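Chain by chain, the residues run as shown.
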Amino acid sequence: MRKGYGPTHVSYHLPLQRFTEMVKNGINIAQGVDDNNKVLYTALPKNLSENSIKRIFDDADCVAYHGGVQMIIPRHLA
């Protein structure tokens, strides 16, 4: 179970099933921060296997909005 944060910063529980739906519907993943403190991100492919989605879920800290864009935040960037 992970946390999600909506655009108003309200948190919610994010089980694997909902996370999987988000990935299959299209979601971004944070990759780092540039020299100007801008979050760098990319879209995940929508056709990832269940195993790949589970590995991303296991490594995720949360799903949050940053700069108006919803993205997965990996633990190493949290």
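About the criteria used
- Residues numbered from 1 in each chain as written.
- Predicted model: local features only at pLDDT ≥ 70, side-chain atom pairs only at ≥ 80, totals over all residues.
- Heavy atoms only, no water.
- Pairing = 2+ DSSP bridges.
- Helix = DSSP H or I, 4+ residues; strand = E, 2+ residues; numbered from the N terminus.
- Core = buried A, V, L, I, M, F, W, Y, C linked by side-chain atoms within 4.5 Å.
- Buried < 20%, exposed > 50% of the residue type's maximum accessible area, 1.4 Å probe, protein only.
- Contact = heavy atoms within 4.5 Å.
- Axes fitted to C-alpha atoms, helices over the stretch in contact; angles between N-to-C directions.
- Parallel < 35°, antiparallel > 145°, perpendicular 65-115°, else oblique.
- Left-handed = near helix turned anticlockwise from the far one by under 90°.
- Nonpolar A, V, L, I, M, F, W, Y, C, P; charged D, E, K, R; others polar.

## Observations concerning the pairing of strand β5 (residues 60-66)
Right, so step 1: When strand β1 (residues 2-5) meets β5, the two strands line up parallel, connected through two bridges. Within β5, the residue paired with K3 across the bridge is C62.
Right, so step 2: Bridge count between β5 and strand β6 (residues 69-74): six bridges; the pairing is antiparallel. Paired with V63 across the bridge in β6 is I72.

## Some thoughts on the nonpolar core
Right, so step 1: F19, V23, I27, L44, I56, V63 and I72 are the most contacted members of the largest nonpolar core, which has 14 residues in total.
Right, so step 2: With residues up to four places along the chain from it excluded, the contact list for F19 reads L14, I53, I56, F57, A60, V63 and I72.
Right, so step 3: Core analysis: the second largest hydrophobic core is formed by seven residues, A30, A64, V69 and M71 among them.

## Quick look at the packing of helix α1 (residues 16-25) against helix α2 (residues 50-59)
Right, so step 1: Interhelical geometry of α1 versus α2 gives an angle of 115° and a closest axis separation of 10 Å. What the angle tells us is that α1 and α2 run roughly perpendicular. When the axes of α1 and α2 are compared, the crossing they make is right-handed. Contact with α1, carried on its side by L16, F19, T20, V23 and K24, involves E50, I53, K54, I56 and F57 of α2 and no other residues of that element.
Right, so step 2: Residue classes in the contact of α1 with α2 are distributed as six nonpolar, one polar and three charged.

## Focus on the side chain of T20
Right, so step 1: Looking at where T20 falls in the secondary structure, it is placed in helix α1.
Right, so step 2: For T20, a relative accessible area of 10% puts it in the buried group.
Right, so step 3: If sequence neighbours within four positions are ignored, T20 has contacts with E50 and I53.

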